[in-house]
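These are the residues of each chain, in order.
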Amino acid sequence: MNEDHLQHTIEHKPTYGIYILVWLVLLMLTGVTVAVAGINFGNITVATALTIAIVKSYLVLTFFMHLKAETATFKLFVGVALLFLLISIALLFSDYSFL
Amino acid sequence: MHDKEQSVSYLDYKGKHSGIFAWILSTDHKRIGLLYLMASLLFFAVGVTFGFLMRLELIAPGRTIMDAQTYNSLFTLHGIIMIFLFVIPGLPAVFGNFFLPILIGAKDVAFPRLNLLSWWLYVLGALLAVISVFLPGGPADTGWTFYIPYSIRSTTNVMPALIAAFILGFSSILTGLNFIVTIHRMRAPGMTFFKMPLFAWSLYATAWVQILATPIIGITLLLVTVERMFGVGLFDPALGGDPVLYQHLFWIYSHPAVYIMILPAMGVVTEIIPVFSHRTIFGYKFIAFSSCAIALFGSMVWAHHMFTVGMSETAQVIFSLLTFLVAIPSAIKVFNWVATLYKGSISTDAPLLYALGFIFLFSIGGFTGLIQGALSVNMHIHDTSFIVAHFHYVMFGGTGFGIFAAMHYWFPKMFGKMYNMKTAKVGFWTLFVGFNTLYFPMFVMGWLGMPRRYFDYLPEFQIYHFISTIGSWILIVGLIIMFTNFIKALRSKTSYTNINPWSGETLEWTVPNKPPLENFEVIPTITAGPYEYKDNDEILTKEDN
Amino acid sequence: MSVVAEHISEHVHRDDLGSRMGIWLFLFTELVLFGGMFLVYAVYRFTYQQEFHVAAKELNTLIGTLNTLILLTSSLTMVLAIVAIRKDNKFLSIFFQVITIFLAFGFMVNKYFEWMAKIHHGIYPGSETLLAKGNGEILFFGLYYVMTGLHGLHVLIGMVLIGVMTRFTMKGTVNSDKYIHLEAAGLYWHLVDIIWIFLFPLFYLIT
């Protein structure tokens, strides 16, 4: 078993700076989403809003939730969960997108 | 030296609580397993009783012993009780709890207190379901599937039933969560994933389904509750809601739920077959991966329950194809089991009989599942008793017999007593005959058009119903024989001290019967895989040469 | 008796990584719980695109944006609270946790005013005004109330959880060597934030 039973800490030296930086990026992305929403590109607006939401979530997951520093197992777990949701929505729409 | 405290069995040791609190506040995975066993067997008995009454009603056309409303409530409750209180928790919560830590060389699960909470949630949900029967309004009559719009309109106690199911779902989720962390973090030194017993693998795959699929039904039932309380309109067709969307959401959980039911049972069979063939399991990795494949593919086939509701043709074809594909990993398991038995030194004890019974009955269930997966055929047999037969073959002939197999296999280890083997075999054959007499006619009459969930029927179906009801009586006799045998053994004064009666090679056969609190005096270091029957392999090599 | 008690305390082992694993698995269930609601949203949005567009006009983008900023900031303060306690700065950690709770409270206050405004306009499940509108709009508001309501419930639970963590930090149960509880509350809180990150554009920005 390669996972240390007593592993308490994730990274070695915690710093405040990186999180403040990520926060600023998140605020900026929020601004972009709102600005783009004002311009009506139809479906592109939706796609943009969702893409930005995904990027924001990725930042929260990776940095605030320390997924970046966790072992590969955790990242695999998140992948599995997201895969389940993706499969569900894709197959669900096989009913609704077609006649 | 040998620690005196450690040799006290888990049944006898005295912790900080006494009396009944020593059990219902215990965080020992073995005691929790027994708590689940007692509760689930109690509800199994209730479910069987309801089934018995339903069959009694159906022995002749027209009203026999009850009115239609009562019949509707009976089949609703029979479904809810059997599915949520017996078959889903059955193997993971009873035998998973009791044996998973021992199988991987651990002292307990990762979160023992969470484990206890799981049991309490189970009891709470079960009580709420029972209470719903007696509250004014009467028990729910929607079927366990709670289809819209009737579940919004019915004036019976649908809400308590919904909330009960929600709470039970939580119990299931927490058990799955506990098992995943246990398997990842608490295996004994040297036990890699691929040296784990296959029952542990099956619990692992099951746990993922429990965690990911159950919340979907959680939210769905919550939405129906909110619909009934506030009229939000999310499913109500009168307000623009889509009843078919409800069905989609319901089955996105409830189909994977059947894999929660069957995977651990397959795991039990995989434990028993090598032991009673005295041969190592054929295709260990195939079986391990097939469990994961079943979990994955199983979450992609849900709409095969909905072929007749008006989905797009595209969806129908896709789901039909995926349904055929999901049969493949199950078939792989059957091939591996048969290959293990081949040229083995077979001991025909009760555990093996039940395991073989599983293979036979599950195969029939599985094949009929494929038949149902064919779109054109499905149009004719959907909502007939063909479907009822199919799912009883897989859920009862499959998981049910898997539970009975586990009981017979692990009984001496859990209780330090031994049952009468002859009686056990008589019990098995009675059950087997009763089971087929009860359910096989349903295939025939379903094919001929007998609808399911119908209180009354045309005279041409009577002969099948009659045979089926007789079958239910034989089945119940078989159950009585089986359980009487166990009770007699439990009450016997003779201690059974053989810690490895079946010559098993997994870790539970190295610890005393009625294992002590922390299972192992010393956590073992693992060097070999499970099921290493070296002598037999040598024999085989000599034969080939 | 004491010998047995020793066995029991040996029994409860510490495994922070295992605890984190457990929390993540629990978060997946929350993700799928809300995911199910997003599935419903997706289907109805797809079916009633125009009506969703119209209905969304009733929502106040300013408050929505403000709430988004509030939650994002609360996520920051939560993670800063953990950094602080790891640096053994107890006071600063408590400070950040309390700020988080205040921000969450601010979110709920905004939500309260939003809901009240709508209810005053007669837009709530089962109301005559709402039922008079088209099916798509009824569905939009049904989804709005249920999804933001469920999310709000989770914000409340988060506030309580973080409150408990604040107490733990004051008492020293959470300290620079053992902060798994605070991490757990933090992970939960970030998920609440992520759910809002998706709720916001899907309800407020589709006009």
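Residues numbered from 1 in each chain as written. Chains lettered and ligands numbered in written order. Predicted model: local features only at pLDDT ≥ 70, side-chain atom pairs only at ≥ 80, totals over all residues.

Re the overall build of chain C
Alright, step 1. Tallying secondary structure elements over chain C gives eight helices and zero strands in all.
Alright, step 2. Along chain C, from the amino end to the carboxyl end, the secondary structure elements read α-α-α-α-α-α-α-α.
Alright, step 3. Sorting the 207 residues of chain C into buried and exposed places 50% on the buried side.
Alright, step 4. A sequence separation of at least 24 residues applies to 78% of the contacts in chain C between residues at least 6 apart. (Helix = DSSP H or I, 4+ residues; strand = E, 2+ residues; numbered from the N terminus. Buried ≥ 20, exposed ≤ 12 C-beta atoms within 10 Å, placed from the backbone. Contact = placed C-beta atoms within 7 Å.)

Concerning the nonpolar core
Alright, step 1. Among the nonpolar cores identified, the biggest contains 266 residues, and A200, V269, I272 and A405 of chain B together with L143 of chain C are the most heavily contacted of them.
Alright, step 2. With 23 residues, helix 8 (residues 243-277) of chain B is the single largest residue contributor to this core.
Alright, step 3. Split by domain, the residues of this core number at least three in each of domain 1 (14-65) and domain 2 (70-99) of chain A.
Alright, step 4. Setting aside residues up to four positions removed in sequence, V269 of chain B forms contacts with W337, A355, F358, I359, G402 and A405 of chain B. (Core = buried A, V, L, I, M, F, W, Y, C linked by C-beta atoms within 7 Å. Domains from an automatic or database assignment.)

Observations concerning the domain arrangement of chain A
Interface size, as often reported, equals the accessible area lost upon joining of the parts.
Alright, step 1. Here the domain parsing of chain A yields domain 1 (14-65) and domain 2 (70-99).
Alright, step 2. Centre-to-centre, using C-alpha coordinates, domain 1 of chain A lies 21 Å away from domain 2 of chain A.

Some points on the interface of chain A and chain C
Alright, step 1. Across the boundary between the two partners, chain A contributes 33 residues, which contact 33 residues of chain C.
Alright, step 2. Looking at the side of chain A that touches chain C, the elements that each hand over two or more residues are helix 1 (17-38), helix 2 (43-64) and helix 3 (72-96) of chain A.
Alright, step 3. Sort the elements by how many residues they give to the side of chain A that touches chain C and helix 1 of chain A lands first, with nine residues.
Alright, step 4. Classifying every residue of the side of chain A that touches chain C gives 23 nonpolar, eight polar and two charged. (Nonpolar A, V, L, I, M, F, W, Y, C, P; charged D, E, K, R; others polar.)

Points about the packing of helix 1 of chain A against helix 2 of chain A
How two helices sit against one another is set out by the angle between their axes and by the gap between those axes.
Residue and element names in this part refer to chain A.
Alright, step 1. Where helix 1 meets helix 2, the closest approach of the two axes is 10 Å, and the angle between their N-to-C directions is 170 degrees. Classified by the interaxial angle, the pair formed by helix 1 and helix 2 is roughly antiparallel. Taking contact as the criterion, the partners of I18, Y19, V22, V25, L26, L29, V32, T33, V36 and A37 in helix 1 are, on helix 2, T45, T48, A49, I52, V55, K56, L59, F63 and F64.
Alright, step 2. Classifying every residue of the contact of helix 1 with helix 2 by side-chain character gives 15 nonpolar, three polar and one charged. (Axes fitted to C-alpha atoms, helices over the stretch in contact; angles between N-to-C directions. Parallel < 35°, antiparallel > 145°, perpendicular 65-115°, else oblique.)

What about the packing of helix 8 of chain B against helix 13 (residues 385-415) of chain B?
Residues and elements named next belong to chain B.
Alright, step 1. Contact geometry of helix 8 with helix 13 gives a least axis separation of 9 Å together with a crossing angle of 45 degrees. As the angle between them shows, helix 8 and helix 13 are arranged oblique. The hand of the helix 8/helix 13 crossing is left-handed. On the side of helix 8, the interface is formed by M261, I262, A265, V268, V269 and I272, while helix 13 contributes V394, M395, G398, T399, G402, A405, A406 and Y409. (Left-handed = near helix turned anticlockwise from the far one by under 90°.)

Section: helix 4 (residues 112-134) of chain B
Alright, step 1. With 23 residues, helix 4 of chain B extends 34 Å from end C-alpha to end C-alpha; this agrees with the ideal 33 Å at 1.5 Å per step.
Alright, step 2. Residues of helix 4 of chain B that are buried make contact with helix 2 (29-57), helix 3 (68-103) and helix 6 (158-185) of chain B. (Expected span 1.5 Å × (residues − 1).)

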